[in-house]
Amino acid sequence: MRRTTLEQAAAKPKVCVVVTEYRHNSHAEMILGRLLGNLGYTPAVQVVSLYTDQIAQEDMSRPEAAKHGIPIYDTIMEAVLAPGDELAGVVIIGEHGSYPDNELGQKMYPRRRFIEEVLIALDESGRRVPIFSDKHLAYEQEDANWIYEAINEREIPFMGGSSIPYVPQIPPVSGAELFNMKEILVASFGPIEAYGYHALEVLQSQIERSGADSAKPISIRAVQGQDAWEVLSKGHGLDTLLQAALNTYDKPGLDHLKDHFEAPVLFEIKYNNGIKGFVIQLGEWIQQWSYAVRCENGQILAARMDSGLERPFFHFDQLTNMIEQMILTGKTEVPLERTYQTTTMINAAMRALYSKSTIKL
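Everything quoted here is computed from the prediction, not taken from an experiment.

Q: For the overall build of the chain, give the residues involved together with the corresponding values.
A: Within the chain, the secondary structure is distributed over twelve helices and 13 strands. Along the three orthogonal principal directions, the C-alpha set of the chain runs to about 65 × 40 × 40 Å. The 361 residues of the chain split such that 56% are buried. Counting contacts in the chain only where the partners sit at least 6 residues apart, residues at least 24 apart contribute 78% of the total. For the chain, the centre of its 33 positive side-chain charges and the centre of its 47 negative side-chain charges are spaced 3 Å apart.

Q: For the sheet that holds strand E4 (residues 131-133), give the residues involved together with the corresponding values.
A: Paired through backbone hydrogen bonds, the strands of a sheet run either parallel or antiparallel to each other. An order of E2-E1-E3-E4-E5 is seen for the five strands of this open sheet, with the pairing classed as parallel. The two strands at the open ends of the sheet, each matched to only one other strand, are strand E2 (46-52) and strand E5 (158-159).

Q: Go over the pattern of salt bridges, please, and point to the residues and values.
A: Summed over all chains, the structure comprises 18 salt bridges. Between arginine 23 and glutamate 21 there is a salt bridge, with its nearest N and O atoms 2.5 Å apart. Across the pair arginine 113 and aspartate 53 runs a salt bridge whose closest N-O atoms are separated by 2.9 Å. One end of the pair, arginine 113, is in helix H5 (residues 111-125); the other, aspartate 53, is in the loop between E2 and helix H3 (61-68), and 60 residues separate them in sequence. Salt bridges sharing common partners tie together Asp123, Arg128, Glu153 and Arg154.

Q: I'd like to hear about the environment of valine 223, residue by residue, with values.
A: Residue position: valine 223 is located in strand E8 (residues 217-224). Residue classification places valine 223 among the buried residues on the basis of a relative accessible area of 15%. With 21 residues separating them in the primary sequence, valine 223 and valine 202 have C-alpha atoms 20 Å apart. Not counting residues up to four positions away in its chain, the partners in contact with valine 223 are Ala228, Val231, Pro264, Val265 and Leu266.

Rules used in this analysis
Residues numbered from 1 in each chain as written. Predicted model: local features only at pLDDT ≥ 70, side-chain atom pairs only at ≥ 80, totals over all residues. Heavy atoms only, no water. Helix = DSSP H or I, 4+ residues; strand = E, 2+ residues; numbered from the N terminus. Buried < 20%, exposed > 50% of the residue type's maximum accessible area, 1.4 Å probe, protein only. Contact = heavy atoms within 4.5 Å. Lys, Arg positive; Asp, Glu negative; His and termini not counted. Charge placed at Lys NZ, Arg CZ, Asp CG, Glu CD. Pairing = 2+ DSSP bridges. Salt bridge = Lys/Arg side-chain N within 4 Å of Asp/Glu carboxyl O.

Laid out in structure tokens, this is it:
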């Protein structure tokens, strides 16, 4: 006998979701919306409790929760404890909302508070369930250190980071082709911290794909404006890498870009095994991320990360599926170590840009 829709929903693992705000085109809509069956997505889990830290002017949380019969709780503790023994996972989306910037230009999202309150609730209930937390761990490095240690101590399946490393690459580049990577440059865009983090995730994921997953960053420096163009044009071949990355877009070339864009931001990362990584942020000149790699034999490989440019932003399908698979299996494809490492890198990069210095890691 075919089960009814209600029976099918009741059989799905139960999930609690904690968000900063839920509005049109927010990360909450892109992830939670999919978990609710919106945006053409068929979820494998059932959202049964919700906490919203803020209510946006064009809030979607209240009407969506009412539509799906999901209670919204006043505290994270209540939302986590509400499903009782049926709780299978917690999804934290600490992105977007009206939060201040600190002096370094970092958005002060309450990710440490969200994760800490979830862990307190899980400790109280004696449960250990998988946790997803969107993007990097925290803007304060001490908070990131605390989160890393707290998750490891509890041996909880955890997934964070960016959606961009998992989108298709145009043209496809295999991990084997990246073997003997010497340098990698990622072309990025948008806000320095928020989108620079995606770029660092692209950079780090390609290093891992090359087989150099034990490579550790040892220093980061940041330069801006004409200083960035000067570094790129010093004859070390970085301009060639940038041109290769730009060639993956249908955009004018490097010479045209230098004439019309005066304020790039460049991160330079040195690794313990000799690899050098670079991220250049080009404002709104491009709309996706791309990378170019120089191998030991001089070969240059380049690809564009084919993330969605329009609704429903299809790259969130893959991310949401990965979140669900972690909840269903207790295993994640995204190592906590990478999320911790890229968190450390973006925090150091923002300090380096502010202080105009090199930060040792």
